[in-house]
Amino acid sequence: MPESPAFTVSEFIDVCNDALDLAYRNIIIEGEVASFKVNQGKWVFFDLKDDQSSLGCFLPLFQLRVPLEDGMKVKVQGVPKLTKWGKFSFTVKSIIPVGDGSIKKAFDLLKAKLEKEGLFDPLKKRPLPDDLTKIGVISSTQAAGYADFIKILNERWGGLNVQVAHTGVQGFGATEQIIRALDYFNQQAEVQVIAIIRGGGSADDLAIFNDEKLVRAVAASRIPVITGIGHEVDQSLVDLAADIEASTPSNVAQLLTPDRQAEVRNLHATIMRAKNQLFSQINFISSSTLGTLDGAKRQLLSNITAELSRLEHTQKILEHLNPEQVLVQGYAIVTGAMREGGEVTITTADKLAKATINSIKERSNNG
Amino acid sequence: MAEKLSINQKIAKLNEAVEWFYGDDFSLDHATTNYQQAIKLAKEIEKDLLGLKNQIEVIDKDFTKE
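Residues numbered from 1 in each chain as written. Chains lettered and ligands numbered in written order. Predicted model: local features only at pLDDT ≥ 70, side-chain atom pairs only at ≥ 80, totals over all residues.

**Considering the domain arrangement of chain A**
In many analyses, interface size is given as the accessible surface area lost on bringing the parts together. Let me state the cut-off plainly: The split into domains, and so the bounds of each, comes from an automatic or database assignment of domains.
Segmentation of chain A into domains returns domain 1 (9-98), domain 2 (133-258), domain 3 (260-321) and domain 4 (324-356). Distance from the C-alpha centre of domain 2 of chain A to the C-alpha centre of domain 4 of chain A: 127 Å.

As C-alpha cells, this is what we get:
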C-alpha cells in the first residue's frame, strides 16, 4: 500500500484549522473569566473555565467592547484555532456578559469610563425636531416591543413616513446590525430622528445595549436618537448615550407624536374660545350701547329740567310784572285825558271810578 | 387653485382666525362670517386629523451583512 504524502507541519495546522472552522464556525461558549490580561496594549488573553475545564481565549484589544474582569461570567462567540506553535486556543469575536452580577459589573465599569469621556453629558442632548415627519426605527419587526410602538404611533398620529431597519435586538450579532442600521440612517440623512426599539426581556437579553461600540455609535449619531429599551426599570448605556431616553417602546411613540384625540379636544376648546369671546364682545358692545342710550336719556331729562326751571323763573318775572299784582298792593291805574278838566278812569284792585282833573302841574324828578 | 395646507398650517390659520375675535380689528359686521369660517376650518382639521395614516416601510436591506 503506497504511503500517503506527508504534510508539512504548517500544512497540517492549516488543515486542522479548516476542519475546526467548518465544524465549529461561530460557536458560543459560556464560562467564567480567569487570568484576564492585556499584552502590549494590543492583545487580550484570558481563560474561560467551568468547574472542570479551562480554555485559553484570545482577541485583539480593539474588539473588546465589554469590560472584563476575572470572575465575570460571559458568553463568547468565536472560532477554535490551533496556533502555529501547536497550542489550542479560542479566538473570540464577541463577548456578552451573562448573569446579573457580571452584567452589573460590566455596566458599572464601562459607564464610569464613558462618563469620564463625556458621552453621557446632558448638555450634548438634542431636542426632538419641531415638525417631525420622517422617523427611522431600528428594531426587530418580529418583536412585541416593535408592535407596541407601531400600534401606539398609529393611534396617536398620522402622516408620518416611518422607515424601519429590521435588525436583531438580542444575542451575538445584534450589536453590529444595530450599528450598521445607525450608519445607514446617518448616511441617508432622510430621517429626522432615529428610534431604537426593544421590548422587555431578561438582563441577558438586554445586555447587548451595553456594548461599547454601540454606545459610541449612538453618542456619535448626527441624527438625534431616542431609545425605548425594555421596561421602565431597565436602563442601558445606550439609553444614557441617546438624546432622549423613553421608558418603553410605547413611550417612544408618545414622545415622538402628539395625540390626535387631544388635538381634536384642543380644536373644540379653540372654537369655544372664539365663541366665548364673540359673546363677550356682543355683551360689551350691547352694554356700551345701552350705556350711551342711558347717557342720552339722562341728558335729555337734565335739559328738560333746566328748561322747566327757566320757564318757572320767567313765569315768576311775568307774574311780578302783572299790573293786577300792583293793584293788589293798593296802587291804582289812571287812564284817560291827562289835562285840566279831562275825564279819567281810576282802576283799583276791586273798583273802577270816573274822575275829572282839576289841575295839572309838572312833577319834579325827586318827587 | 388654492394651495393645499398641512394640518399644522391649518391649525395656525385657525388660531389666527380666533385671535381676530380678541383683536382691535374685531367688528360685529364680520363676526358671524368669521365665526362660521372658523368652525368650518376646525371641522376640516378634525376630519384631517382622524383620517391621517402613517406610511411604514421596512427598508430592503440585510443588516446582518456588512
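**With respect to the pairing of strand β11 (residues 333-336) of chain A**
Residues and elements named next belong to chain A. The following threshold applies: Pairs of strands are assigned from DSSP output, requiring at least two bridges between the strands. Counting from the N terminus, the helices are the DSSP runs of H or I reaching at least four residues and the strands are the DSSP runs of E reaching at least two.
Where β11 lies against strand β12 (residues 343-347), four bridges are found, and the strand directions are antiparallel. Bridged to G336 within β12 is V344. Remark: six residues form the turn of the hairpin made by β11 and β12, two consecutive strands paired antiparallel; G341 in that turn has positive phi of roughly 85°.

**As for the interface of chain B and chain A**
What counts is decided by this rule: Distance between backbone-placed C-beta atoms decides contact: two residues are in contact if it is within 7 Å. In this classification, Asp, Glu, Lys and Arg are treated as charged, Ala, Val, Leu, Ile, Met, Phe, Trp, Tyr, Cys and Pro as nonpolar, and every other residue, Gly included, as polar.
With 28 residues of chain B in contact, the opposing surface of chain A contributes 33 residues. Contributions of two or more residues to the side of chain B that touches chain A are made by α1 (7-20), α2 (28-51) and β1 (55-58) of chain B. With 10 residues, α2 of chain B is the single largest residue contributor to the side of chain B that touches chain A. Across the side of chain B that touches chain A, the residue classes break down as 19 nonpolar, five polar and four charged. Strand direction decides the pairing type here: strand β7 (residues 161-166) of chain A and β1 of chain B, joined by four bridges, are parallel. Across the sheet, the residue bridging to V162 of chain A is I56 of chain B, located in β1 of chain B.

**What about the sheet that holds β12 of chain A?**
Residue and element names in this part refer to chain A. Note the cut-off: A fitted line through C-alpha atoms serves as each axis, taken over the contacting stretch for helices, and the angle formed by two N-to-C directions is quoted from 0 to 180°.
Spatial strand order, β11-β12-β13: three strands in an open sheet with antiparallel pairing. Unpaired on one side and paired on the other, β11 and β13 (352-356) mark the two borders of the sheet. Put simply, the sheet's adjacent strands are angled 30° from each other on average, direction ignored. Taken together, the five bridges between β12 and β13 define a ladder with antiparallel strand orientation. Residue V344 lies in a different strand from β13, and its bridge partner there is A355.

**Let's talk about the packing of α1 of chain B against α2 of chain B**
Residues and elements named next belong to chain B. Note the cut-off: Each angle receives one of four descriptions, namely roughly parallel if under 35 degrees, roughly antiparallel if over 145, roughly perpendicular if within 65 to 115, and oblique otherwise. Handedness of each helix crossing follows the sense of rotation of the near helix against the far helix: counterclockwise by less than a right angle gives left-handed, clockwise gives right-handed.
Two numbers describe how α1 lies on α2: the axes approach to 10 Å, and their chain directions differ by 155°. It follows that α1 is roughly antiparallel to α2 by the angle criterion. Judged by the sense of rotation from one axis to the other, the crossing of α1 with α2 is left-handed. The segment α1 lies against α2, with I7, K10, I11, K13, L14, A17, V18 and W20 engaging N34, Q37, A38, L41, A42, E44, I45, D48 and L49. Class assignment of the residues belonging to the contact of α1 with α2 gives a composition of 11 nonpolar, two polar and four charged.

**Remarks on the confidence of the model for chain A**
Condition: One number per residue, pLDDT, summarises how confident the predictor is, and it ranges from 0 to 100.
Looking at chain A as a whole, the pLDDT averages 91, with 99% of positions reaching at least 70. When mean pLDDT is compared element by element in chain A, strand β6 (residues 134-139) of chain A scores highest at 97, while helix α5 (residues 203-206) of chain A scores lowest at 84.

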